[in-house]
Amino acid sequence: MQKNKFYISTPIYYPSGKPHMGHAYSSIIADVIARFKRLEKYDVFFLTGTDEHGLKIQREAEKNNKNPKLFCDELSTKFKELTKILNLSNNDFIRTTEKRHHDSVQEIWNRLLKSGDIYLDKYSGWYSVSDEAFYDEDEIEDKNGKKISKSSGSLVEWVEEESYFFKLSTWSNKLLEFYKKNPNFILPVSRKNEVIRFVEKGLKDLSISRTSFTWGIPVPKDKKHVIYVWLDALTNYISALNFPNIEDKKYKDFWPADVHIIGKDILRFHAVFWPAFLLAAKLPLPKRVFGHGWILSDDKKMSKSLGNILDPIEIIEKYGIDQLRYYLVKEVSLGNDGSISLENLKNCINNDLANNYGNLCQRVFSFIKKNCNNKIPSSTKLNDADKKLLNNLKNSLPKLISLMNNQDLNEYIKTVVNFSFEANKYFNDSEPWAVKKKDTKRMNTIIF
Ligand code: MSP
């Protein structure tokens, strides 16, 4: 029998510096879901990788006196290593400097050209290199004599150059129809409403090529231009499935993706631009885009420029990877911003993992060692308390599956941890140490 397929992705990361907690967070969330779907017997394709073109990377490489490709080779390796450190179960790791991706992006371009969605003009306006995004006049503000983006706070610079444009403006209605027909395409709902309001205002055509630098994939038949890094980057999700070969088994099995896990700062690219590109290219749209919130440190977004980064690798070395994974999933309600701190991480490890779950394991296993020859004994007749404990667990399964399918990881983990509280209480109330003297069968059942 053919297995059900499930495709989940993380954003592909800019290898412009060391990986930080925000990157680790996107990846851990996706990994938790990927692993759950595998437990449910899905054939899962889980993709992550690095986003290596564009002015941001070119400038960073120049700052380091490195050729951009060599610069990316070094830093992309760091992100690849991070997948091991985070214990990710990804099936592939894509780099946008690979040939498979180059071919796929050029094919997307050709499709957009063929559908009449591309024209040549001149761009003049604001651009943030840090966000690799164009901003309208009403999206920027003055701060200390400098122009910055209102949404991200990053510096913008004035750009004037020949550019190819994508006719995004003609897709507004189609997109709104799509959101309406697919109410779970953008989650959480608050994010969806934001996107709908943005599209309802009417979309402007989007500049999709640059001529003032060279670090990118060239526009087919016009080498003066490189393709806009976001059109390049978004295409990674199908490059990894062997697009443009749409007859390929991998593409057929896994596209459209079930969910793109992303941070809220890159929602517009995934929920507006990406579906519009795909509609124009006559390709199916992903089923869901989930925009998680930010990991905050001292209530501010953790970022290189703010200098408030908690280094995931240092934390993992000191406290352990499962501890960090558990803490992030439990502490930050997926979809909302959440503050993390070392103090809270320690409390969480002590309370939930050591005192609750660890204690349960310790008591049960040492009891088994001492009284049951180191083997899990078998059970006999169940009494009401036994049945209650087992049924609680069994009856929760449909709820757990549905929580996971709605990316409600927070509620999911609470339910699971609660079992551990209940099991501890059951162990206490059942008093196997007292029962053992008079009724071995009963003791075995409790331990089982
Ligand atoms: N390269 C683009 C994504 C292209 S996807 C086709 C990009 N890269 S990034 O390295 O800047 O960020 C990658 C992800 O990390 C984003 O989802 C972003 O939201 C997430 N995080 C970066 N800092 C973060 C926090 N402080 N908190 C949580 N996640 C944040 O954008």
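Here the structure is a predicted model, which is why all the values come from computation and not from measurement.

What counts and what doesn't
- Residues numbered from 1 in each chain as written.
- Predicted model: local features only at pLDDT ≥ 70, side-chain atom pairs only at ≥ 80, totals over all residues.
- Heavy atoms only, no water.
- Patch = residues over 30% accessible without salt bridge, like charges linked within 9 Å, V, L, I, M, F, W, Y side chains within 5 Å.
- Areas by Shrake-Rupley, 256 points an atom, 1.4 Å probe, with all protein chains shown as cover.
- Salt bridge = Lys/Arg side-chain N within 4 Å of Asp/Glu carboxyl O.
- Lys, Arg positive; Asp, Glu negative; His and termini not counted.
- Charge placed at Lys NZ, Arg CZ, Asp CG, Glu CD.
- Helix = DSSP H or I, 4+ residues; strand = E, 2+ residues; numbered from the N terminus.
- Buried < 20%, exposed > 50% of the residue type's maximum accessible area, 1.4 Å probe, protein only.
- 1 Å grid on protein atoms, 1.4 Å probe; cavity = no way out; pocket = protein on both sides within 12 Å on 5 of 7 lines; lining within 4 Å.
- Points joined across faces, edges and corners; volume = space filled by probe spheres on them.
- Nonpolar A, V, L, I, M, F, W, Y, C, P; charged D, E, K, R; others polar.
- Axes fitted to C-alpha atoms, helices over the stretch in contact; angles between N-to-C directions.
- Parallel < 35°, antiparallel > 145°, perpendicular 65-115°, else oblique.
- Left-handed = near helix turned anticlockwise from the far one by under 90°.
- Contact = heavy atoms within 4.5 Å.
- Near = heavy atom within 4 Å.
- Polar contact = N/O pair within 3.5 Å; in protein donor to acceptor, adjacent residues only side chain to side chain.
- Pairing = 2+ DSSP bridges.
- Right-handed = clockwise from strand over helix to strand, strands pointing away.

> So what exactly am I meant to see when it comes to a positive patch on the surface here?
The grouping of Lys-370, Lys-436, Lys-437 and Lys-438 at the surface amounts to a positive patch. Mapped onto the elements of the fold, Lys-436 is located in the loop between helix H16 (432-435) and helix H17 (440-447). Taking relative accessible area as the criterion, Lys-436 reaches 31% and is therefore assigned partly exposed.

> Is there a simple way to explain the layout of surface pockets in this structure?
Empty pockets left among the atoms are what a rolling probe the size of a water molecule brings to light. The computed volume of the second largest pocket comes to approximately 1,400 Å³. Taken together, 40 residues form the lining of the second largest pocket, with Tyr-357, Leu-360, Val-416, Phe-419 and Ser-420 sitting closest to its centre. Counting only elements with at least two residues in the lining of the second largest pocket, the list comes to helix H1 (21-39), helix H12 (321-331), helix H13 (342-371), helix H14 (384-405), helix H15 (409-430) and H17. Ranked by residues supplied to the lining of the second largest pocket, first place goes to H15 with 11 residues. In the lining of the second largest pocket, the residues fall into 30 nonpolar, four polar and six charged.

> Looking at this model, I keep getting lost on the packing of H1 against H14. Mind explaining?
When two helices pack together, you describe them by how their axes are tilted relative to each other and by the distance separating the axes. Remark: H1 packs on H14, axes separated minimally by 10 Å, with the N-to-C direction vectors making an angle of 135 degrees. It follows that H1 is oblique to H14 by the angle criterion. Our pair here, H1 against H14, has a crossing hand that is left-handed. In contact with Val-32, Ile-33, Phe-36 and Lys-37 of H1, H14 contributes Leu-400, Ile-401, Met-404 and Asn-405. Tallied by class, the residues present in the contact of H1 with H14 amount to six nonpolar, one polar and one charged.

> I keep staring at the site of the ligand and nothing clicks. Help me out?
Around the ligand, the structure places 25 residues, and the nearest of them are Ile-12, Asp-51, Gly-263, Asp-265 and Ile-295. Take Asp-51: an N or O atom from its side chain is 2.7 Å from a nitrogen atom of the ligand. Ile-295 is positioned such that a nitrogen or oxygen atom in its backbone is 2.8 Å from a nitrogen atom of the ligand. The fraction of the free accessible surface of the ligand (660 Å²) that becomes covered by protein chains is 95%. Listing elements by their share of the shell around the ligand, those giving two or more residues are strand S1 (5-13), H1, helix H7 (229-234), helix H8 (236-239) and strand S14 (259-263).

> Please explain the pairing of strand S15 (residues 289-292) as it appears in this structure.
Residues Val-289 and Gly-291 point to one face of S15 and Phe-290 and His-292 to the other, with burial holding for every one of them. Bridge count between strand S9 (residues 186-187) and S15: two bridges; the pairing is parallel. Residue Ile-186 lies in a different strand from S15, and its bridge partner there is Val-289. Here four bridges tie S14 to S15, and the two strands are oriented parallel to one another. If you follow Ile-262 over to S15, its bridge partner there is Gly-291. Crossover connection from S14 via helix H10 (residues 267-280) to parallel S15: handedness right-handed.

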